[in-house]
Amino acid sequence: MNYLVIELQTNEEGQTSNIVTSYNDINQAESKYYTVLAAAAISNVKKHAAVLLDAEGGFIRSDGYEH
């Protein structure tokens, strides 16, 4: 099964961008997910979040920060 990590960044003007990365292994996907959150914790971006999904769109987890 494939897994998707989506990084979301929303600036002060409310514009949101995303970066989507695909992984074949859940452990690699979770590693990327937590790497995004580690960066988001100290980011200067107003809202910075990560979402982990399976390839069928099934929700696994999400979290984020608002600065």
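A brief report on the enclosed structure follows.

Conventions adopted
Residues numbered from 1 in each chain as written. Predicted model: local features only at pLDDT ≥ 70, side-chain atom pairs only at ≥ 80, totals over all residues. Heavy atoms only, no water. Salt bridge = Lys/Arg side-chain N within 4 Å of Asp/Glu carboxyl O. Helix = DSSP H or I, 4+ residues; strand = E, 2+ residues; numbered from the N terminus. Expected span 1.5 Å × (residues − 1). Buried < 20%, exposed > 50% of the residue type's maximum accessible area, 1.4 Å probe, protein only. Arc of directions from axis to C-beta. Contact = heavy atoms within 4.5 Å. Polar contact = N/O pair within 3.5 Å; in protein donor to acceptor, adjacent residues only side chain to side chain. Core = buried A, V, L, I, M, F, W, Y, C linked by side-chain atoms within 4.5 Å. Pairing = 2+ DSSP bridges.

Taken as a whole and assessed by the stated rule, the structure comprises two salt bridges. Note that Arg-61 is salt-bridged to Glu-30, the shortest N-O span being 2.8 Å. Taken together, the positions of Arg-61 in strand S4 (residues 59-66) and Glu-30 in helix H1 (residues 26-41) put the pair 31 residues apart, joining distant regions of the chain. Between Lys-46 and Glu-66 there is a salt bridge, with its nearest N and O atoms 3.6 Å apart. In this pair, Lys-46 sits in the loop between H1 and strand S3 (47-54) while Glu-66 sits in strand S4, placing the two residues 20 residues apart along the sequence.

Turning next to H1. The end-to-end C-alpha distance of H1 is 22 Å, a good match for the 22 Å that 16 residues give at a rise of 1.5 Å each. Every buried residue belonging to H1 is among Ala-29, Tyr-33, Val-36, Leu-37 and Ala-40, and all of these are buried. Each buried residue of H1 lies within a common arc of 95 degrees when the element is viewed along its axis, so the set occupies one face. Facing away from the buried surface of H1 by more than 90 degrees, the exposed residues are Asn-27 and Ala-38. Looking at the buried positions of H1, the neighbouring elements they touch are strand S1 (3-10), strand S2 (16-23), S3 and S4. You can read the cap of H1 off the contacts: a side-chain oxygen lies 3.0 Å from the backbone nitrogen of Asn-27, and it is on Asp-25.

Core analysis: the largest hydrophobic core is formed by nine residues, namely Tyr-3, Val-5, Tyr-23, Ala-29, Tyr-33, Val-36, Leu-37, Ala-50 and Leu-52. At the level of secondary structure, the elements contributing two or more residues to this core comprise S1, H1 and S3. Here this core gets four residues from one element, more than from any other, and that element is H1. What Tyr-3 contacts, discounting residues up to four positions off in sequence, is Thr-21, Ser-22, Tyr-23, Asn-24, Asp-25, Ile-26, Ala-29, Leu-52, Leu-53, Asp-54 and Ile-60.

Within S3, seven of the eight residues are buried, leaving the element largely enclosed by the surrounding structure. Where S1 lies against S3, eight bridges are found, and the strand directions are antiparallel. Across the sheet, Ile-6 pairs through a bridge with Val-51, a residue of S3. Bridge count for S3 against S4 is seven bridges, and the pairing is antiparallel. Residue pairing in the sheet places His-48 in a bridge with Tyr-65 of S4. Hairpin remark: S3 followed by S4, antiparallel, with four residues in the connecting loop; positive phi at Gly-57, about 90 degrees.

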